[in-house]
Structures are given as structure tokens and as C-alpha cells.
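Listed below, chain by chain, are the residues.
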Amino acid sequence: MEIKLVKNILQANEVIAAQNKELFAQKGVYVINLMGGAGAGKTTLLERTIERLKGKRRMAVIEGDIATSRDAERIAAHQIPAVQINTGGECHLDGNMVRTGLEQLNFDGIDLLVVENVGNLVCPAEFNIGEDAKAMVCSVAEGDDKPLKYPLMFQVSSVLLLNKIDLLPHVAFDVERFRADALKVNPRLEIMPVSCTTGEGLDAWLRWLEERSGIKGA
Amino acid sequence: MHELGIAQSLLEIVEQEARPYEGARVRRIVLRIGKLSTVVPDALRFAFDAITRGGMAEGAALEIEEVPLSIRCHQCEEAFIVEDPFMICPRCGAADVEMISGRELEIRSMEICDGD
């Protein structure tokens with residue numbers, strides 16, 4: 001006999017992501033899922049963000065890595081609540097792993113939670129964690145062909161930080177071609193060229209975050 | 001992508017659906033996988049075969065329908081199947097489009113029969 005279903009195979013994750021989202025709404029926390037390839041500059045961007053938002057927004061961070069707690073230690077050095085999730089081999093965070101991380105966080109008074117995903121341009125795009133928006137970091141040192149090679153990640157992201165623009169004189173990266181390809185894949189993608197080393201362009205990112213993270217809470 | 005984890009999620013759904021039918025064996029499972037999904041059908045079959053050995057779904061055929069990427073243009077008010085992952089209308093060039101298909105990772109149906 002045939003059993004008709006029509007069920008998302010990843011439905012179990014969607015259920016948990018929705019529960020996470022509900023918790024975030026109750027606590028008035030705006031949540032970003034920060035994605036990007038390994039070495040694109042996600043953690044450094046977070047550090048610059050924390051420094052500049054000090055006094056304006058209260059932040060917490062969940063770090064996802066296969067191994068080590070280096071990233072959480074870097075964040076904790078800024079006196080920000082930080083939880084490290086070690087996936088042990090899983091190449092992305094999912095709703096359940098983030099839920100486990102949430103159990104170790106005190107949300108009282110937090111405006112903005114950034115979940116830094118595992119460095120990976122493929123899998124994180126498929127797994128919702130209950131976030132309000134996905135942001136991705138791509139650096140000029142990674143080649144300008146990434147939008148066509150990894151379209152799903154570009155499509156699910158609301159904002160893209162094109163990092164390390166201070167290196168442009170030294171790399172063969174065509175910014176206009178990259179921008180054109182990225183906008184073909186996602187016409188609504190907000191692209192922000194930045195340098196976490198010089199600070200150039202970060203104001204636009206901080207404004208973007210401030211506009212969104214001040215609204216939810218009391 | 002890591003099809004093993006996907007295969008496990010799939011097996012959990014299959015076993016849950018077949019549970020009311022005691023002694024049943026799963027013969028066939030029909031899936032739809034969208035073109036933009038990062039799951040590779042052959043890799044999924046391989047992983048599924050590996051984890052169903054000795055169980056109620058051992059030997060079950062995975063029929064996978066690959067769903068093309070299609071978009072609807074709100075200017076032309078028409079839908080198009082597209083080859084490239086561009087959210088741009090192939091006719092009028094407008095970016096005012098929505099994706100209709102292409103991200104599916106779903107189980108459509110399964111066929112079970114009485115156990116031996």
C-alpha cells in the first residue's frame with residue numbers, strides 16, 4: 001500500500017528552529033546567523049562589531065566550530081557572554097545544537113545575539129536555527145566567482161559583508177563582477193564592502209544591526 | 001553535503017510512518033530534491049542503503065525526482081524554469097521574482113507491504 005506524505009525531510013530541524021525563534025521573540029532578542037567560508041573574517045568582524053556597539057546594544061554570541069574554543073575565548077575577552085559549541089565534525093550548526101547552546105546563556109537584557117556558524121559555504125544555508133536574518137562574510141581573498149559556485153548561501157542571506165577590501169591592490173578580485181553575479185543570484189542582497197583591519201565600511205554594517213536590534217525588546 | 005545525516009532523518013520519518021503497520025517492510029520511497037538543494041541523489045542513495053541494512057527498509061528503492069529551479073515573474077505574471085540560479089526574469093529582466101520550486105528536500109510517498 002502507498003502512504004502519501006509530502007514531508008520536508010529536515011522537518012525535525014524546522015520544528016526546533018521555530019521553537020528557538022519563539023524563545024528569541026519572548027526574550028526580545030534579535031538574532032543573526034553569521035555564515036561564510038573558513039577564514040573569511042567572521043570572528044574578526046564580530047570583534048569589531050562588539051567594540052563599536054558597546055554601550056549601544058547588549059550582545060551575546062554563540063560560536064560554532066568543529067573543534068577548539070578559540071573563537072569563544074576571543075569573544076569572551078571583550079566581556080561579552082559567549083558560548084562555544086563544538087560540533088565534533090558536523091560542518092554546520094542546526095537548530096538542536098543552537099538550542100543546547102541557548103541553555104547556557106542568560107538572555108536578560110540582551111538585544112542582539114550573533115550565532116557564528118561553522119566556516120563553510122555549503123551546508124549552513126540549508127539549516128535554519130531560528131534566526132531573524134542570515135548574514136554572510138566573503139573576503140576578496142577568496143575569489144570573485146563565489147556567487148555562482150555557492151548560489152544557495154547567497155540566496156538565503158540578507159546582507160553580505162565583502163571583507164578585506166584593504167587587500168584589493170594585491171588580489172585579482174573583480175568587485176563589479178562579484179557584485180553583479182551576487183545580485184543576479186539574490187537581487188535583494190545588501191552588499192557592504194568592509195575592512196575589519198582598517199575599519200572602512202563598518203559603519204553601514206553597524207547601522208544595519210542597530211536598526212534591527214533595538215526594536216524587539218521592551 | 002553530508003548525506004548520511006539526511007539519510008538518517010529520512011529513515012526516522014519512514015520508520016515513524018510505518019510503525020502503525022506491524023511487520024511491514026518498506027519497498028519504495030519517493031523523494032523530491034530541488035536543483036538548488038545541496039543534497040546529491042546518488043550519495044543519498046548510497047548512505048540510505050548503508051543505514052537500512054538489517055532493518056524494515058532494507059532494499060527499499062529510493063525514487064528521486066529532481067525538481068528544476070522555477071521562478072515566477074511578478075511583472076510578466078508568468079513562471080519559468082531556469083537553468084542558472086539567477087532570480088531575474090529570463091523574459092523581461094525584472095528582479096521582482098519569487099522562487100516557486102528548486103529547494104525541495106521532501107518525501108512524497110512510500111510504499112509498504114506485509115512482512116514475510
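The numbering scheme is per chain: residues are counted from 1 as the chain's sequence reads. Written order decides the labels, with chains lettered from A and ligands numbered from 1. Residue-level local features of this predicted model are given only where pLDDT is at least 70; pairs of side-chain atoms are given and counted only at 80 or more, and the full residue set underlies all totals for whole chains, interfaces and linings.

Under the scheme used here, helices are H or I runs from DSSP no shorter than 4 residues and strands are E runs no shorter than 2 residues, and both carry numbers assigned from the N terminus. Helix and strand content of chain B: two helices and six strands. The order of α-helices and β-strands along chain B, N terminus first, is α-β-α-β-β-β-β-β. We compute the radius of gyration over the C-alpha atoms and compare it with the globule rule, which gives 2.2 Å times the number of residues raised to the power 0.38. Here the C-alpha radius of gyration of chain B, 18 Å, is well above what a compact globule of 116 residues would show, namely 13 Å. The C-alpha extent of chain B, read off along each of the three principal axes, is 60 × 25 × 15 Å. Taking all 116 residues of chain B together, the buried fraction comes to 34%. Any residue pair is listed as a contact if its two C-beta atoms, each placed from the backbone, are within 7 Å. The contacts in chain B between residues at least 6 apart in sequence include a share of 71% that link residues at least 24 apart. Counting other C-beta atoms within 10 Å of each residue's C-beta, where C-beta atoms are placed from the backbone, gives the exposure class: buried for 20 or more, exposed for 12 or fewer, partly exposed between.

Looking now at the interface of chain A and chain B. By convention, interface size is frequently given as the accessible area that disappears when the constituent parts associate. Contact residues are listed per partner, giving 21 residues for chain A and 22 residues for chain B. For the side of chain A that touches chain B, the element with the most residues is strand 1 (residues 2-8) of chain A, which contributes seven residues. In the scheme used here, Gly and all other residues not listed as nonpolar or charged are polar, with Ala, Val, Leu, Ile, Met, Phe, Trp, Tyr, Cys and Pro taken as nonpolar and Asp, Glu, Lys and Arg as charged. Partitioning the side of chain A that touches chain B into residue classes produces 14 nonpolar, two polar and five charged. Pairing between two strands is assigned when DSSP locates at least 2 bridges connecting them. With five bridges connecting them, strand 1 of chain A and strand 6 (residues 105-113) of chain B associate as antiparallel partners. Residue pairing in the sheet places Lys7 of chain A in a bridge with Ile107 of chain B of strand 6 of chain B.

This part takes up helix 2 (residues 41-52) of chain B. Residues and elements named next belong to chain B. An expected span of 1.5 Å times one less than the residue number is assigned to each helix. Taking 1.5 Å per residue as the helical rise, helix 2 with its 12 residues ought to reach 16 Å, and the 16 Å between its terminal C-alpha atoms agrees with that figure. Among the residues of helix 2, those classed as buried are Leu44, Ala47, Phe48 and Thr52. The buried residues of helix 2 occupy an angular sector of 120 degrees when projected down its axis, which confines them to one face. Opposite the packed face of helix 2, turned more than 90 degrees from it, sit the exposed residues Asp42 and Ala50. On its buried face, helix 2 is in contact with helix 1 (3-18) and strand 2 (61-67). Immediately beyond the C-terminal end of helix 2, within one or two residues, lies Gly54, with a positive phi of roughly 85 degrees. The directions considered for the arc are those from the helix axis to the C-beta atoms.

Residue and element names in this part refer to chain A. Spatially, the seven strands line up as an open sheet ordered 4-3-5-2-6-7-8, and their pairing is parallel. Because the sheet does not close on itself, it has two edges, and the strands there are strand 4 (82-86) and strand 8 (190-193). Strand-to-strand twist in this sheet, taken as the mean axis angle between neighbours without regard to direction, amounts to 20 degrees. Here strand 3 (residues 59-65) pairs with strand 4 via five bridges, running parallel. Considered in strand 4, the bridge of Gly64 is made with Ile85. Contacts from helix 4 (residues 95-102) reach strand 3, strand 4 and strand 5 (112-116), with the element oriented near 140 degrees to strand 4. Here the axes come from fitting lines to C-alpha atoms, over the contacting stretch only for helices, and the angles between their N-to-C directions go from 0 to 180 degrees.

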